[in-house]
Amino acid sequence: MKPTSVPKKKRKLTLSDIMIAAVLLFCGLICLVPILNTVAISFSDRTSAALGRVSFWPVNFTLSSYKAMMEERQFGQSFMISVARVILGGSINMVLSILMAYPLSKSPRMFRSKKFYMWFVVFTMMFNGGLVPTFMVIRQLQLMDTIWALVLPTAVPVFNVILLMNFFKNIPAALEEAAFVDGASPWYILWHIFVPLSKASLATIALFAVVTHWNSFFDGKLYINSLSKLPLQTYIQSLSATLDPTQMATMSPEEIKEKLAMSSLTFNSAKVVVSMVPILIIYPFLQKYFVTGIVVGAVKE
Amino acid sequence: MYNKKNARYYHAMLLPGMIFLITFSIIPMFGIVMAFQNFIPAKGIFGSKFVGLAQFQRLFRLPDFWQILQNTLIIALSKIILGTLLAVVFAVLLNECQNVRYKRFIQTAVYLPHFLSWVILAVMFSNIFSYTGIINQLIMAFGGEPTMFMISNTWFRPIIIGTDVWKEFGYNAVIYVAAMTGIDPTLYEAADIDGAGRWKKILHITLPAILPTIILMGTLSIGNVLNAGFDQVFNMYSPLVYRTGDIIDTYVYREGLVNIQYSFATAVGLFKSAISFGLLAMAYKLADKFCGYRIF
C-alpha cells in the first residue's frame, strides 16, 4: 500500500473509529476460529474432544495424537508424495508458464500468430470436455496410478500464464530492441532479460502453483489407486469416511450419528494441523506477493 | 518489428505448452460425442450406438435434475451476491482504519482461509458444527437444543454459503482495497472542509470510486452461476443432504465415476459447460463493452 502524499493529521479517536476497529477485529478473529479450534482439539485428549469440552485451548494437554500420527506410515508417506508433487508439478508449471507467457506478450505486429494462440489458450480456460472424457483420456494414456496423472493434466496453468504475460508486457520494449540489435536471440532475451526482471511476478505464480498442487485432492482420488502413491489431501479426505457419500449411502441415520460421534476427532485434527504447516510457512511470502498478482490479473490498464 | 526468425522461436516456445493443452483440454472435448451415444466401454467411442438427444431427454425428465439445478443456482448466486457484499463492506471498513499495523494484522488473518483447501476446512467445520462442536456448545449455553447441522436439510445450504463467504471475503476484498488506494486524497480533504462526516464521505467518495470495480467483478462472475463449488460441497455433503446440497458437479461425479454411466454423466457435464461457456463469453463481452476490460 502506498503512503498518501499528504501527511495525515493526528486525529482523536472517535467512537466510530473504535467501532470500526472492533468490527475489523471480529472479522479477523472469525477467520481464525475454526483453525484455533482444530489446533486446540488436536492437543486435547480424546474424551474431552468427543464430549465437546474443547474450544480454543487444549483440554488435558497431550501429544498423543501427534505421536500416533508419527507412528502411522501412511501419513508421512502421503506427505512426501505431496512434497514431490509440489516440486515436480510446480517446476513443470513454471517452465511452461515462462515459455508461453513470453511469446504471448508480443504484439501481433511482432508475432502474427499471437492472436490465434491467445484465443486457443483462453478457449481451453473457458470450455472443457468435462469430468468423464478427461478421466478417460488420462486412463487411455496409461497415466493411472502414477504421479504424472497429478502433474501433467495441470501442466499449463492458464491463469498464471496470463498473469505473467501481463507482467512481461510492462517490460520496456527498448530493452528488447537493444538486445535484438546486439544480435541476441529471443531465447537469450527471455532467460537473460525478462526472467531476471520479473522475479517478483515469478514468485507470485510459483506460490500460486505450490498452493494449488498442495491443496488438490480430487485428481488424487480419481487417478491414484495405490495407497503408497496417495497425496496428502486425498488421504485426509479419505479419512473423513463419515462424510464419504459412497459409504454413507448404505447406512441408516442412526448409524451415521454413531459414526460421527466415534470418529477420531483428535487424530484427524492433528493430521489437518500438520498438513497446514507448509501453507503457513509460505504464507508470509504469499501475502507479500499475491496482492499484486490479483490486482494485475483482474484489473489492468 | 516482425522477424521471421524470431517468430520461429516463438512457435517453438509455445509448442510444449500447446501439446499439453491439446492432450488434456482439446482431446477430451472429442469425448463429448459420448453424450450423444449409449457408450459402452468395451465397444469404444467408434463402436457405441448413437442415440441422439436421448441422454438429454432422460436428464430433463428426471425430477432430481431440476432439484439439483435449483440447488446449484441458489448456492452459486447466494455465494456471489453475499460474497461481493461482504467483501465491499470489509474493504470500506479497512479503508477507514488509519492504523497501518492494525490493518496489517487484520489482513493477515482474513486472507489465510483462502489458501487452505476444502479438505482441511471440511474437517475443521465438521468439528465446529458437530453435535458436540463449539456452535452447539454455545447454543446449549444459551439454553437451546443442539442440532445436527451438517446433516440437516435446513442448515446445509446456509452452511455451504456461509463457509464459502467466510473463506473468500478477505481475498475478494483485495481488489476493492486496491481500487481505493487510487482515490485522490484531496477529495477527502475537500469533503472535510465542507464538513462532511465519515458516512457521507463513504457514500459520496469511496463507494462511487469503487463502483466500476464492483460492476466489473459482478459481470465477470456471471460465468460462475453454475459453479456452486465442487470441492467444498463434495467434502461437506452426505446422502442425507442431497435434497438441498447436491449440485451439478457432484451429481456428474457420482453418476459418471461411481455409477459408471459414462454417457449420461457426459451429457450432464456438457449441459453445464455449454451454458457456462455461453455465460462466460457474454460476461467477457459485457465487461469489454461497459468496463473496457479484456483478458488479453
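This is a predicted model, so every value here is computed, not measured. (Residues numbered from 1 in each chain as written. Chains lettered and ligands numbered in written order. Predicted model: local features only at pLDDT ≥ 70, side-chain atom pairs only at ≥ 80, totals over all residues. Heavy atoms only, no water.)

Moving on, we come to the overall build of chain A. In terms of regular secondary structure, chain A is built from 16 helices and zero strands. If you take every contact in chain A between residues at least 6 apart in sequence, the share linking residues at least 24 apart comes to 70%. On chain A, roughly 14800 Å² of surface is accessible, and the fraction owed to carbon and sulfur atoms is 68%. (Helix = DSSP H or I, 4+ residues; strand = E, 2+ residues; numbered from the N terminus. Contact = heavy atoms within 4.5 Å. Areas by Shrake-Rupley, 256 points an atom, 1.4 Å probe, with all protein chains shown as cover.)

This paragraph deals with the overall build of chain B. Along its length, chain B carries 14 helices and two strands. Over its C-alpha atoms chain B spans a radius of gyration of 24 Å, topping by over 25% the 19 Å that the globule rule assigns to 296 residues. Within chain B, buried positions represent 53% of all 296 residues. Within chain B, counting contacts between residues at least 6 apart in sequence, those at least 24 apart form 65% of the total. Accessible area for chain B stands at about 13400 Å²; split by element, carbon and sulfur atoms hold 66% of it. Each charge sign in chain B was given a centre, from 22 positive and 14 negative side chains, and these centres are 12 Å apart. (Rg over C-alpha atoms; globule rule 2.2 N^0.38 Å. Buried < 20%, exposed > 50% of the residue type's maximum accessible area, 1.4 Å probe, protein only. Lys, Arg positive; Asp, Glu negative; His and termini not counted. Charge placed at Lys NZ, Arg CZ, Asp CG, Glu CD.)

Once that is clear, we can look at the interface of chain B and chain A. Contacts between the two partners involve 100 residues from chain B and, on the opposite side, 120 residues from chain A. Interface area for chain B against chain A, summed over the two sides, is near 9800 Å², with a carbon-plus-sulfur share of 79%. Seen at the junction of chain B and chain A, the total is one salt bridge. Taken together, chain B and chain A are joined by 12 residue pairs in polar contact (both at pLDDT 80 or more). The leading source of residues in the side of chain B that touches chain A is helix α1 (residues 4-30) of chain B, at 20 residues. Classifying every residue of the side of chain B that touches chain A by side-chain character gives 73 nonpolar, 20 polar and seven charged. (Buried area = accessible area lost by both parts, 1.4 Å probe. Salt bridge = Lys/Arg side-chain N within 4 Å of Asp/Glu carboxyl O. Polar contact = N/O pair within 3.5 Å; in protein donor to acceptor, adjacent residues only side chain to side chain. Nonpolar A, V, L, I, M, F, W, Y, C, P; charged D, E, K, R; others polar.)

For the rest of this paragraph, the subject is the domain arrangement of chain A. Residue and element names in this part refer to chain A. For chain A, the assigned domains are domain 1 (16-62) and domain 2 (69-298). Each partner contributes residues to the interface: domain 1 has 10 residues there, and domain 2 has nine residues. Carbon and sulfur atoms supply 76% of the area buried between domain 1 and domain 2, which totals about 690 Å² over both sides. Linking domain 1 to domain 2 there are zero salt bridges. Put simply, domain 1 and domain 2 have zero residue pairs in polar contact (both at pLDDT 80 or more) between them. At the level of secondary structure, the elements contributing two or more residues to the side of domain 1 that touches domain 2 comprise α1 (15-42) and α2 (46-50). Residue composition of the side of domain 1 that touches domain 2, by class: five nonpolar, three polar and two charged. (Domains from an automatic or database assignment.)

Positive phi is not limited to glycine here, since N60 of chain A has a value of about 50°. Looking at the secondary structure, you find N60 of chain A in the loop between α2 and α3 (64-71).

On to the environment of T147 of chain B. Counting through the fold element by element, T147 of chain B comes out in the loop between α7 (134-141) and α8 (156-181). Put simply, T147 of chain B and Y131 of chain B are 16 residues apart on the chain and 6.4 Å apart in space, counted from C-alpha to C-alpha.

A pair can form between side chains of opposite charge whenever their charged atoms are brought close. On inspection of all chains with the given rule, the structure shows 10 salt bridges over all chains. A salt bridge links D219 of chain A to R85 of chain A, with the shortest nitrogen-to-oxygen separation between them at 2.8 Å. Of this pair, D219 of chain A sits in helix α12 (residues 218-223) while R85 of chain A is found in helix α4 (residues 73-104), placing the two residues 134 residues apart along the sequence. Taking the relative accessible area as the measure of exposure, D219 of chain A reaches 15% and is therefore buried. Accessibility expressed as a relative area gives 1% for R85 of chain A, which makes it buried. As a salt-bridge pair, K272 of chain B and D249 of chain B come within 3.1 Å of each other at their nearest N and O atoms. Of the two residues, K272 of chain B is situated in helix α14 (residues 262-291) and D249 of chain B in helix α13 (residues 248-258); the sequence distance between them amounts to 23 residues. Here the two residues K272 of chain B and D249 of chain B agree in accessibility, since each one is buried. Among the charged side chains, a network of salt bridges with common partners joins D17 of chain A together with E96 and R198 of chain B.

In total, this model carries 43 aromatic pairs over all chains according to the counting rule given. Cluster of aromatic residues (ring-pair linked, three or more members): Y102, F111, F116, Y117, F120, F168 and F194 of chain A together with Y10 of chain B. Cation over ring: K271 of chain A sits above F267 of chain A, and NZ or CZ is 3.9 Å from the ring centre. A cation over a ring is seen here: R58 of chain B above F264 of chain B, with NZ or CZ 3.9 Å from the ring centre. (Phe/Tyr/Trp six-rings, centres within 6.5 Å; stacked < 30°, edge-to-face > 60°. Lys NZ or Arg CZ within 6 Å of the ring centre and 35° of its normal.)

Of note, M276 of chain A is situated in helix α16 (residues 265-298). Residue M276 of chain A is classed as buried on the basis of its relative accessible area, which comes to 2%. In this structure the C-alpha to C-alpha distance between M276 of chain A and N215 of chain A, which are 61 residues apart in sequence, comes to 9.6 Å. Discounting chain neighbours no more than four positions away, the residues touching M276 of chain A are I35 of chain A together with L116, I120 and M124 of chain B.

Where nonpolar side chains cluster on the molecular surface, the patch consists of L25 and L29 of chain A together with F105 of chain B and spans about 270 Å² of accessible area. Topologically, F105 of chain B is positioned in helix α5 (residues 100-111). (Patch = residues over 30% accessible without salt bridge, like charges linked within 9 Å, V, L, I, M, F, W, Y side chains within 5 Å.)

Moving on, we come to the packing of α4 of chain A against helix α8 (residues 158-169) of chain A. Two quantities define a packed helix pair, namely the angle between the axes and the distance from one axis to the other. Residue and element names in this part refer to chain A. α8 packs onto α4 with a crossing angle of 50° between their chain directions and a minimal axis gap of 8 Å. Overall, the two elements α4 and α8 adopt an arrangement that is oblique. Here the hand of the crossing between α4 and α8 comes out right-handed. Note on element contacts: α8 touches α4 through N160, V161, L164, M165 and F168, opposite S97, I98, M100, A101, Y102 and L104. For the contact of α4 with α8, the per-class residue count stands at nine nonpolar, two polar and no charged. (Axes fitted to C-alpha atoms, helices over the stretch in contact; angles between N-to-C directions. Parallel < 35°, antiparallel > 145°, perpendicular 65-115°, else oblique. Left-handed = near helix turned anticlockwise from the far one by under 90°.)

L190 of chain A together with F90 and M236 of chain B are the most contacted members of the largest nonpolar core, which has 172 residues in total. In terms of residue count, the dominant contributor to this core is α8 of chain B (14 residues). Residues from two domains meet in this core; each of domain 1 (16-62) and domain 2 (69-298) of chain A gives at least three. A40, I41, A49 and L265 of chain A belong to the second largest nonpolar core, which has five residues in total. (Core = buried A, V, L, I, M, F, W, Y, C linked by side-chain atoms within 4.5 Å.)

Residue and element names in this part refer to chain A. Taken residue by residue, chain A gives an average pLDDT of 86. The fraction at 70 or more is 86%. Taken together, the stretch residues 1-6 has pLDDT below 50 and engages in six contacts with residues farther than four places along the chain or on a different chain. Long-range and interchain partners of residues 242-246, a stretch whose pLDDT sits below 50, account for 12 contacts in this model, where long-range means more than four residues apart. (pLDDT = per-residue confidence, 0-100.)

To continue, consider helix α10 (residues 186-197) of chain A. Every buried residue belonging to α10 of chain A is among P186, I189, L190, I193, F194 and V195 of chain A, and all of these are buried. In the core, the buried residues of α10 of chain A are packed alongside α4, α8, α9 (173-181) and α11 (199-215) of chain A together with α1 of chain B.

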